[in-house]
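Residue-level structure breakdown
Here is what each chain is made of, one letter per residue.
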Amino acid sequence: MNGKANMLLQADPSHITYTENLQKFLRLPQGGKIIAEYIWVDSEGGVRSKSRTLDAKDTDYTPAELPMWNFDGSSTGQAPGENSDIYLQPVAVFPDPFRGTPNILVLAECLNNDGTPNKYNHRHECAKLMEAHAEHKPWFGLEQEYTLLDLNDRPYGWPKNGYPAPQGPYYCGVGAGKVVMRDIVEAHYKCCLYAGVKISGTNAEVMPAQWEYQVGPCEGIEMGDHLWLSRFLLHRVAEEFGAKVSFDPKPIPGDWNGAGLHSNFSTKEMREEGGMKHIEAAIKKLESRHAEHIAVYGEGNEKRLTGRHETGSIDTFSYGVANRGASIRIPRECAAKGYGYFEDRRPASNADPYQITGIIMETCFGAVSE
Ligand code: ADP
Ligand code: MN
Ligand code: MN
Ligand code: MN
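Calculation notes
Residues numbered from 1 in each chain as written. Chains lettered and ligands numbered in written order. Predicted model: local features only at pLDDT ≥ 70, side-chain atom pairs only at ≥ 80, totals over all residues. Heavy atoms only, no water. UniProt positions renumbered as here; feature names shortened; annotations may be inferred. Donors = N, O, S within 2.8 Å, 3.2 Å for Na, K, Ca; no water. Domains from an automatic or database assignment. Contact = heavy atoms within 4.5 Å. Buried area = accessible area lost by both parts, 1.4 Å probe. Salt bridge = Lys/Arg side-chain N within 4 Å of Asp/Glu carboxyl O. Helix = DSSP H or I, 4+ residues; strand = E, 2+ residues; numbered from the N terminus. Nonpolar A, V, L, I, M, F, W, Y, C, P; charged D, E, K, R; others polar. Axes fitted to C-alpha atoms, helices over the stretch in contact; angles between N-to-C directions. Left-handed = near helix turned anticlockwise from the far one by under 90°. Near = heavy atom within 4 Å. Areas by Shrake-Rupley, 256 points an atom, 1.4 Å probe, with all protein chains shown as cover. Expected span 1.5 Å × (residues − 1). Buried < 20%, exposed > 50% of the residue type's maximum accessible area, 1.4 Å probe, protein only. Polar contact = N/O pair within 3.5 Å; in protein donor to acceptor, adjacent residues only side chain to side chain. Phe/Tyr/Trp six-rings, centres within 6.5 Å; stacked < 30°, edge-to-face > 60°. Lys NZ or Arg CZ within 6 Å of the ring centre and 35° of its normal. Pairing = 2+ DSSP bridges.

If you look the chain up in an unreviewed UniProt entry, it shows as Glutamine synthetase from Podospora pseudoanserina. Under the UniProt heading Subunit (unreviewed entry), the entry covering the chain gives this text: "Homooctamer." Comment text from UniProt for the chain, heading Sequence similarities (unreviewed entry), reads "Belongs to the glutamine synthetase family."

Given below as structure tokens:
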């Protein structure tokens, strides 16, 4: 498929992990300690994590109460070897669905050793924009599409030599031959709910082995935090099932749908009676900065935004009511009511939600000065 070598080849995919055996150990008491899994975004749009022991507390840990930590940035492409320490600054805490409460997942920002944000830390800038324009109460809802691959990088369940029947029966499909690996989707959904991630739904997608889930509405910086955590949970769940998660925006060339990260957006003003004029004003602003948005809307997005397969063309900005071939879609229901939200359909599945939500704020309400 994409020619990338497997990092770890496993001879027998039915014995990837032994989660059922693990259950009896997970139930053991922890001697007054908890395990905190620190999670961060790496240089390739993936997530990394490592764990440490902390004292148990009567109340929940807040980010400010959690220790800073560090890792070797030269091993993740985030720092040079001669100056390799990257600091992990806790920013959000979630209950851990794998180890169970009281254990926690800790989302962390990466800082260089002089305290400046690491090159791949897009949260820092996003948080400033969200704070500066907080009075607009920006809500986001992101639709994360992804493809499940086997360990040979072939979409799960696809015939060894050849292709499945053309698209049509797979979107929101039910039944054998239409969907694969629903177990992963269900397990991920439960994990998100347990962790308090604001997952709002899920569906099978147009291309077989492709799925979607939605997170939101989330206000401000919470959108990026929850989406990154949901990605961590998905990779982690799929690991136990011996499947890979691909966020490639066009995993299979040809007549197969790509994968996006449709970004729904509204402000307080847009959600109120007469909000359509605020929606239209925002769309005008987005139009004037199309190229700047595309620049941060994901790698390889030109293969997806062809103007076919329910996308607008990458070169031209367009919008319309209920139009899934446009850059921006105003949902029919919102147009009818005269207020609500709009959908930016341009972001690719591998885009960084901090960059997407950040630039939407910057374009609509202005940059923040240092
Ligand atoms: P689609 O019809 O494009 O497939 P989905 O139902 O998959 O839409 O996703 C719609 C997303 O829009 C959800 O994540 C939802 O939380 C979000 N959403 C709904 N209302 C608003 C709003 N007022 N502002 C921002 N996002 C919203
Ligand atoms: Mn959707
Ligand atoms: Mn979709
Ligand atoms: Mn959509």
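From this point, things continue past the structure.
Protein coordination at the manganese ion (ligand 3) comes from E145 (OE), E205 (OE) and E212 (OE), with a distance range of 2.1 to 2.2 Å. Linear spacing of the donor residues for the manganese ion (ligand 3) on their chain is E-x59-E-x6-E.

One widely used convention gives an interface's size as the accessible area the parts lose upon coming together. Along its sequence, the chain is organised into domain 1 (31–120) and domain 2 (131–365). Once you take the C-alpha centre of each, domain 1 and domain 2 turn out to be 26 Å apart. With 17 residues of domain 1 at the contact, the number on the domain 2 side is 15 residues. Note on domain 1 versus domain 2: buried area summed over both sides is about 1,400 Å², and carbon and sulfur give 79% of it. For the pair domain 1 and domain 2, the number of links is zero salt bridges. Listing elements by their share of the side of domain 1 that touches domain 2, those giving two or more residues are strand 1 (33–41), strand 2 (47–55), strand 4 (85–95) and strand 5 (104–111). In the side of domain 1 that touches domain 2, the residues fall into ten nonpolar, five polar and two charged.

As a packed pair, helix 2 (residues 123–132) and helix 9 (residues 353–365) sit with axes 9 Å apart at the nearest point and diverge in direction by 35°. Judged by the sense of rotation from one axis to the other, the crossing of helix 2 with helix 9 is left-handed. Facing helix 2, whose interface residues are R123, C126, L129 and M130, helix 9 presents Y354, T357, G358, M361 and E362. Residues that form the contact of helix 2 with helix 9 fall into these classes: five nonpolar, two polar and two charged.

Close contacts around ligand 1 come from 17 residues, with E143, E212, S266, R329 and E343 the closest. With the chains in place, 76% of the 590 Å² that ligand 1 exposes on its own is no longer accessible. Looking at the shell around ligand 1, the elements with two or more residues in it are strand 6 (139–149), strand 8 (210–219) and strand 10 (261–266). With five residues, the top contributor of residues to the shell around ligand 1 is strand 8. Considered class by class, the residues forming the shell around ligand 1 number six nonpolar, six polar and five charged.

A few words on helix 9. Its 13 residues place the ends of helix 9 18 Å apart at the C-alpha level, agreeing with the 18 Å of an ideal helix rising 1.5 Å per residue. Counting buried positions along helix 9 gives ten out of 13 residues, so the element sits mostly inside the fold. Residues P353, Y354, I356, T357, G358, I359, I360, M361, T363 and C364 constitute the buried set of helix 9. Measuring from the backbone nitrogen of Y354 back to the side-chain oxygen at the start of helix 9 gives 2.8 Å, which picks out D352 as the cap. At the exit of helix 9 stands G366, carrying a positive phi of roughly 100°.

Counted under the stated rule, the structure contains eight aromatic pairs. Seen in terms of ring centroids, W158 and Y163 are 6.0 Å apart; in terms of plane orientation they differ by 65°. Their pairing is edge-to-face. Centre to centre, the rings of F265 and F342 are 5.8 Å apart; their planes meet at 80°, and the pair counts as edge-to-face. You can see F265 sitting in strand 10 and its partner F342 sitting in strand 13 (residues 342–344), a full 77 residues away along the chain. Cluster of aromatic residues (ring-pair linked, three or more members): F140, F265 and F342. The ring of W228 has R231 sitting right over it, with the charged end atom 4.7 Å from the ring centre.

Pairing is mixed across the open sheet formed by five strands, whose spatial order is 2-1-5-4-3. Each of the sheet's edge strands pairs with one partner strand only, and the pair in question is strand 2 and strand 3 (69–72). Looking at each pair of strands side by side, their axes are set apart by 40° on average, direction ignored. Pairing geometry for strand 4 and strand 5, over eight bridges, is antiparallel. The residue of strand 5 that forms the bridge with L88 is C110.

Looking now at the pairing of strand 5. The buried fraction of strand 5 amounts to eight of the eight residues, a majority that puts the element mostly inside the structure. What you see with strand 5 is no split at all: I104, V106, A108 and C110 on one side and L105, L107, E109 and L111 on the other are buried throughout. Here strand 1 pairs with strand 5 via four bridges, running parallel. Counted as the bridge partner of E37 is L105 from strand 5.

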